[in-house]
Amino acid sequence: MSPGSVALCLLLMQTGVYGFNIELDREFAINFIGQIISDLIRSEAANQKHEDITQRAILNITLQACRAVALADGKDFSFPSEPFTVESVAAACRKSKSSKRFRQTIKFIQQMNRLVDARHASDPEYHFDNEKFAEGRRTITRGLEIIKASNKEMNFEAARERLGEITHPLQDFYTHSNWVELGNTLPNTNLIRSGTSIGNTAASSRATCRNCDGDDCTNNILEDIKQEKILTSGYFGSSKPDGKCSHGGFFDDSKEIEPKGGINKDKMTAEHGHLHTEAANMAVAATSELLEDIRGAAGDKAFLQMVGMSGEALCFVIDTTGSMRDDIAAVRTVTSSIINSKVGTEDEPSVYILVPFNDPDFGPLTRTTDPNKFKNAINSLSATGGGDAPEMSLSGLQLALTGAPPISEIFLFTDAPAKDTHLRGTVIALMLRTKTVLNCMITSSGRFRSRRQIGNDQQQQSRLATSDAQLYRDLAQTSGGQTIEVTKSELPEAVSIITESSSSSLVTLLQAARSPGKADNFTFTVDSSVKNLTVYITGTSVNFTLISPSGVSQQSTNTTGSLITASQTVGNFKTLKLKTEVGLWEMKMVSTNPYTLKVVGESSIDFLFDFLEVSKGLFGGFDVINNRPRAGSNGTLLLTVTGSTSAMVTEVILVESSGSGNFNGNVTAVGGGDYLVVFNGIPSEEFVVLMKGQNGNSSSRSSGTFQRQSTSSIKASTLTVTVADTNRVFAPGETFSVPFTVKTSSAGGNFTIRATNDRGFTSTFPSTLALDTGGSANGTVNLTAPLTTTSGTVVTLTIEAESPGGADTNYLVLRLAVLKTVTDFTEPMCELLSRQSNCTENCSLCTWKISVQVTDRANGTGVDRVSLRQGNGTMNTSLAAGNEGITLVSYTASCSSPIVELLVVDRVGNVGSCSFRSLSTKAAQSFLLCLGITILGLILPFEMGIN
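Now for a look at the structure at hand. In this convention, every chain numbers its residues from 1, walking through the sequence in written order. Given that the model is predicted, a residue must reach a pLDDT of at least 70 before its local features are reported, and side-chain atom pairs must reach 80 or more before they are shown or counted; all residues, however, enter totals for whole chains, interfaces and linings. With hydrogens and water stripped out, all remaining heavy atoms of the structure feed into the side-chain values.

A short note on the sheet that holds strand β6 (residues 409-414)
Within the open sheet, the six strands sit side by side as β5-β4-β3-β6-β7-β8. Their pairing is mixed. Sheet topology places β5 (366-368) and β8 (483-486) at the edges, where each strand pairs with a single neighbour. Each strand axis lies, on average, 15° off the axis of its neighbour in the sheet, ignoring direction. In this scheme, strands are said to pair when DSSP sees at least two bridges between them. In DSSP terms, a helix is any run of H or I states spanning at least four residues, a strand is any run of E spanning at least two, and both are numbered starting from the N terminus. Two elements, β6 and strand β7 (residues 437-443), share six bridges in a ladder whose sense is parallel. Axis definition: a line fit to C-alpha positions, over the contact stretch in the case of helices; interaxial angles, taken between N-to-C directions, run 0 to 180 degrees.

Okay, structure coming up:
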C-alpha cells in the first residue's frame, strides 16, 4: 500500500474534506474512503513490506527455538505446513494459548520498524542511503548490544523496541544497496558484527551509475562497479555527488539529477523492482540471521519470552506492614496452589514477579522464571512496621507495571490507603500503555479510617474509608480488573479468583460499571468456542435477573436454578459459574449502590487494537497512538482478530463506560485478520471497544456469532505529549536530556507537568508549562543514571501533562537504556584438549568423549554461558583451577551421536560456536556397524513376515 495514499485517506477523514467539489454525506464519505484504503492495500499484496519480512523471520526462528526446547525436554516436534502463521507456530510450540501475546509482540516489533521511516526519514544511516555503510552498520550493532544487554536483565519490552528499530536498516540494506545486483546469494553477515569488513565500498569520488534508458533502469549501474564487486547505495534528497546512483521513487528529488533514475527495490514497481522478491527474501534471511544471534546470546527460553511465546506472568504487589501478617500467609497459600497446578501445563506462568511495599520503602522487584525461587521470595516476606496508615502502594505498582510483560495481570494486596497518590496518573498511563489488568484485594483493618480521626462518628469514618478505597476502585476499573473488599478472615476464600484468572485463554465478553448505581439491562453473546462461562459482580445490595438464550430466567435470590451451576459470595464480590449456552444472554441489574459486572470465558478468539493518526514522517502513512486518542476528531482504529483464521468482524463499537452512548465504526477488512475501523467521532466520556463478528468454523450462524470487549477504559484527550527523537541510550553516571512538547486543542493556561521514573533516578523538569489556547510549549526532563547502574538497565520515564483544574490529562511513556561502552566484539573460542573413543561392536558400549577449553580471547569480557546447540550427550562445565578466565568443558556421548556443537556466549552477548565429531576410524566403523545392526533389527521382522 502506498504510504502517501494512506496518509491522504486518513487526512481526509480527519479534516472532513472529501474532495471532488461534491457535497458528500459524512457516513457515505467514511464508507467511500474505507473502500479506497481496502482497494489500495489489496493492490499492493505482491509487495513484501518491512512488516511481512519481519514476521516471516520471527516465525522462522521461533520455530527453531521451540524445536530446540522440545528436543531438550525429550519431546517430539513437528513443523507446521507453510506458509507459517502466528496461530500455526503457536500450536507447533504447544503454546496455542499464547497466540494473542505472540501476535501482539510481533505487531509491536513491526510498529517500531515502521516508525523508523517517520522518525529517521532524513537520516541515511537508518536506510543505508548515501553510501553510509559504516554508519548504518554501527546503527545495527549498537542496537544489537542494547538488545542483548536488555534480554540479560529480562527487560524484554526494551529489547523488542530496539529490535524493531534495527531490523529496518538491516532490511533496507538489501533493497537500497546493490548487494543483490552484485550477484550475492547470501546475506552480508558482517552487518551484525562490529570490527569486520562488509565489502569494498565505492570511494566518494567514484561514479557508480549512468542514466536510465527512459523508464528502464535495469542496467543503470556501471559495469566496472559490478565486475569489481564495489558496494554502493542510492542517494536520497535534493542533491548528490557527481556520477552517483539515486534511490529513486516518488519522494526522491535526486532522481532527476544526472545520472537520472534509481536503484531501489522497495516494491515491484520501483526502478529495480524486478529484483524486489529476491531482495526481500534475502532481507528475511538476514533478519533471521540477526534473530539467531540474539537467540544464541539469550538462550532459547529467554528468546521465546522476548518474542511473546510465553504464558501469563504471575505478579503480586504486597503490603508488608505489620497488620498484613494474615494476608501474606494467604498469598503464600495461593502461590503454592497456582504453581503446583500450573507447572508443566500451557498455563504455567512465564515469569513470576513480586514487589513488596511499606512506608517509606518499596521494592525491590523480584523477577524469576523459577517457581521455587518465587516461592522462596514469598516465604521470606515478613510483616513489620507501618507507622501511619497510608503506604507506598502506587510506587510498588509503578515498579511492577514497568517490570511485567504487556497484557499482564497484577494482584495488589493491601489494607491501607495510598500515600503516594501523586503517582495516580503515572499508574494509569502505564496500565493503559501495557494493557495490564489490575486486581485490588483490600482487607479491612481500620487503617483506612485512621488517616484522619473524626471523633466517634462511625458513619462519617465509614464514608472516609470509602473515599480512601475509591482510588483502588478507580484504578482497577480503568484497567478492567476487580476491587475485592473483604475481611482478613475472608481473604483465603476470595483469592480463588487468582487461580481462575491465571488462564492464558480468558476473554472478556462484557464489562460494565455503574457509579452511582442504577437499574440497567446488559446483553452478551456466547459463541460455540466459549467454555467455562463466568460472571463477576462487585458491589453491595445488588440484585439481578439472568435470562438465557432459550428464555429461561433465574433471580439472584435463587442460587439453585438451572442457569447458575455454582456461585460464591465473599465480601463485596460474587462469582457465578453459568451453564454454557450459545446465543444472546441478558442480565438485568438493580441496585442504587455502585457496582461492576464482568462476563468472561475461555476461548481462542480475541482481538488486539490500536488507534492510529496520520504520520508526520516524510513518507506519510499512519502511526500508532501510544497514549490517549485525540478528542474532538474522527477516530481510526486498526483491529486484529487473534486465535482464528476464519473469524470475520462485522461490527466495532465504542461503548461509553457510563452506558450513555455508543459510536459505531465503519469496518473494512484489509487482510491477515486486520480490520481498519473509522469512527465518526470519539466519545468524550470513558469508553471501551466492543467487537462483534462471525466465526466461519461454526456450523450455524447463531453458534458462530461472537462478541469480545476490551478490558481497559479509554478516554480521549485534547492534549498531546510528544518528544523529539533521540537515541535513548546513556551510560552510567551520565545525565540524559529528553526534550518534550505539550500541545492543546482546547483552552490555554498553566498546565501541570509530572515526570516520574521507575528506577528512582534523579531528575529535573518544569513543574508547569504555560500554553495559549490551541497552542504548545516545550520542556525538558534531565535524568541522571548513578555510576553504579548495571549495564542493560532499562528506565521507564513517564511524562504527564494535566490541564488547569485537572479535567484533562495525557501522557507519554519512554524506555531508556543504560549501557556501558562495549569494546569486546569478538566471539569466544574453543580449543580441543583431548578426544577419546571406546567403541566396540556392541552398540551399548559405543561411546566417545572430548575435553574442551573455552576462553574469551585476550581482551574479552569473559565466558558467560556454554550450552549444547547440537548433540544429546552429557556436558559438564567447570572453571579452570587458578584461572577463572578459562572454562573447561567435558562431553560424553554415544557413537550413534557422533557430532556435538557447543554454543558459547560471553558477557556482552558475543556468540561463538564450535563443532566436534568422533573422527577415529574405529569409532566411525563401530558407529556404522551399530547403525547397520539397528536398521536390520527394524527391517528383518517385516521382511520375515513377523508381526
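Looking at the side chain of Asn264
Looking at the element boundaries, Asn264 is found in the loop between β2 (230-231) and α9 (276-298). The definition of a polar contact used here is a pair of N or O atoms within 3.5 Å, where within protein one atom must be able to donate a hydrogen and the other to accept one, and adjacent residues in sequence count solely through side-chain atom pairs. Within polar-contact distance, the side chain of Asn264 engages the side chain of Glu271 at 3.1 Å. Residues contacting Asn264, with those up to four places away along its chain left out, are Thr175, His247, Gly248, Gly249, Ala270, Glu271, His272 and Gly273. Contacts were defined at the residue level, with two residues in contact if any of their heavy atoms lie within 4.5 Å.

Considerations on helix α13 (residues 393-403)
Buried means the residue's accessible area, taken with a 1.4 Å probe over protein chains only, is under 20% of the maximum for its type, while exposed means over 50%, and partly exposed covers the values in between. Counting buried residues in α13 gives 10 out of 11 residues, a clear majority hidden from the surface. For α13, the set of buried residues is Ser393, Leu394, Ser395, Gly396, Leu397, Gln398, Leu399, Ala400, Leu401 and Gly403.

As for the nonpolar core
One finds Phe102, Phe303, Met306, Met309, Leu397 and Leu475 to be the most contacted residues of the largest nonpolar core, which totals 88 residues. Among the elements that take part in this core, helix α3 (residues 50-72) stands out by supplying 10 residues, more than any other. Every residue in contact with Met306, bar those within four places of it in the chain, is listed here: Thr105, Ile147, Asn151, Phe156, Ala159, Arg160, Leu163 and Ile294. The criterion is simple. A nonpolar core is a set of buried Ala, Val, Leu, Ile, Met, Phe, Trp, Tyr and Cys residues joined through side-chain atoms within 4.5 Å. Ile318, Ile338, Phe413 and Val495 belong to the second-largest nonpolar core, a separate cluster that totals 29 residues.

Some words on the sheet that holds strand β15 (residues 573-578)
Taken in spatial order, the five strands line up as β9-β17-β11-β15-β14 in an open sheet, and their pairing is antiparallel. The sheet is open, and its two edges are formed by β9 (506-514) and β14 (564-570), each paired on a single side. When the angles between neighbouring strand axes are averaged without regard to direction, this sheet yields 15°. With six bridges joining them, β14 and β15 adopt antiparallel strand pairing. Each bridged residue has a counterpart across the sheet, and for Val570 the counterpart in β15 is Phe573.

Here's the deal with the packing of helix α5 (residues 99-119) against helix α7 (residues 156-176)
At their nearest, the axes of α5 and α7 sit 8 Å apart, and the two run at 50° to each other. It follows that α5 is oblique to α7 by the angle criterion. For the element pair α5 and α7, the recorded crossing hand is right-handed. Residues Thr105, Phe108, Ile109, Met112, Asn113, Val116, Asp117 and Arg119 of α5 pack against Glu157, Arg160, Glu161, Leu163, Gly164, Glu165, Thr167, His168 and Gln171 of α7. Its residues assigned to classes, the contact of α5 with α7 shows five nonpolar, six polar and six charged. Here the word oblique covers every angle except those under 35 degrees (roughly parallel), over 145 (roughly antiparallel) and from 65 to 115 (roughly perpendicular). In a left-handed crossing the near helix is turned counterclockwise from the far helix by less than a right angle, and in a right-handed crossing that turn is clockwise. Throughout this entry, Asp, Glu, Lys and Arg are counted as charged residues, while Ala, Val, Leu, Ile, Met, Phe, Trp, Tyr, Cys and Pro are counted as nonpolar. The remaining residues, Gly among them, count as polar.

Notes on the environment of Leu612
Note that Leu612 resides in strand β18 (residues 606-614). It is 5.4 Å that separates the C-alpha atoms of Leu612 and Ile625, two residues lying 13 residues apart in sequence. Setting aside anything within four residues of it in sequence, one finds Leu612 in contact with Phe622, Asp623, Val624, Ile625, Thr636, Leu638 and Leu676.

Note that all results are geometric; they support no functional claim without further evidence.
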